[in-house]
Amino acid sequence: MAKTDTLHFILLGAPGAGKGTQAAYLNENWGLTHISTGDILRAEVRAGSALGNEAKSYMESGKLVPDQLIIDMMEEKLKTLDKGYILDGFPRTVAQAEALGEMLTRINHKLDAVVNIEVGDDELIRRLTGRRVCPKCNSVFHIYTMKPKVEGICDNCGGELIQRKDDQIDAITTRLVAFKDQTQPLIEYYQSSGKLVTVDGTIGVPAVAEKIRAALTGE
Ligand code: AP5
């Protein structure tokens, strides 16, 4: 099998497409670092940091956090990494993608691929309204399709599962609009660089992961 633990790639997709689920699955199997801007920001909000306080209202309403806050946060993070990683939720705008390109050049990291996970709106809404997450270890479940062994309790760390504030229907609608207006242009942006791979995100978690693996390793 081709070497996978040094890959640098982006998971692109609408809210609920399964970016976090796939990153966790691939992380477990490949040993890549999973960098989720959503998880980092939620930890900052919980910690009550200056960044968290600034980001909170944007996140809860489903809007994107301003580019410069995200770019500064990610520059600090990427500098500390010396092996392969999966970027989940970054970049989300063309300005962020341009900044990422400059950052990668500065730190001498190569972007191997951008994986676009495609799922239709009705399925996205079903997934997001039924999602439950563990605030302690960030594991993700679903009340119908990925139930924890004990209702309301995280299988991995025993934490109490919660529903994210932005998984209410109003915020979901805002997030889907933000995706279409601000993030979807990245599909064209990365297509023109020849790095884009699109996978069907509706076929079950292991099957999606296998498609991603095959696309990235060329096997
Ligand atoms: P973030 O946390 O990144 O949210 P998101 O992009 O909206 O993505 P989600 O976490 O909702 O979905 P996902 O694709 O990871 O799906 P998941 O795997 O959980 O960002 C939150 C907020 O932070 C943003 O709105 C914004 O305010 C801010 N932010 C973050 N990054 C930013 C940036 N770069 N710039 C500006 N602002 C930023 O799966 C969803 C559900 O589906 C789960 O229940 C799961 O069990 C289920 N599921 C997953 N895969 C499958 C499958 N194959 N089949 C069936 N069910 C599945």
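In the block above lies the structure referred to throughout.
Residues numbered from 1 in each chain as written. Predicted model: local features only at pLDDT ≥ 70, side-chain atom pairs only at ≥ 80, totals over all residues. Heavy atoms only, no water.

**Student:** In this structure, what is going on with the nonpolar core? I would like to understand it.
**Tutor:** L41, M74, L78, L87, L100 and Y190 are the most contacted members of the largest nonpolar core, which totals 29 residues. Only β1 (8-13), α3 (50-61), α4 (67-79), β3 (85-88), α5 (94-107) and α8 (185-191) provide two or more residues apiece to this core. With six residues, the single largest contributor to this core is α4. Contacts of Y190, omitting those with residues within four sequence positions, involve I10, P91, A97, L100, L111, V114, K195 and L196. Counting 24 residues, the second-largest nonpolar core is a separate cluster that includes A14, L26, A113 and I117. (Core = buried A, V, L, I, M, F, W, Y, C linked by side-chain atoms within 4.5 Å. Buried < 20%, exposed > 50% of the residue type's maximum accessible area, 1.4 Å probe, protein only. Helix = DSSP H or I, 4+ residues; strand = E, 2+ residues; numbered from the N terminus. Contact = heavy atoms within 4.5 Å.)

**Student:** Looking at this structure, how should I read the pattern of salt bridges?
**Tutor:** Where charged atoms from two side chains of opposite charge approach closely, those side chains can pair. Scanning the model with the defined rule gives 14 salt bridges in all. Between K165 and E60 there is a salt bridge, with its nearest N and O atoms 3.6 Å apart. Pair noted here: K165 is in the loop between β6 (140-142) and α7 (169-183) and E60 is in helix α3, with a separation of 105 residues, a long-range link. The exposure class assigned to E60 is partly exposed, which follows from its relative accessible area of 32%. In this structure, D112 engages K110 in a salt bridge whose closest nitrogen and oxygen atoms are separated by 2.9 Å. D112 gets classed as partly exposed once you look at its relative accessible area, which sits at 28%. Given the relative accessible area of 56%, K110 is considered exposed. Each of R131, R164, D166, D167 and R175 takes part in one network of salt bridges that share partners. (Salt bridge = Lys/Arg side-chain N within 4 Å of Asp/Glu carboxyl O.)

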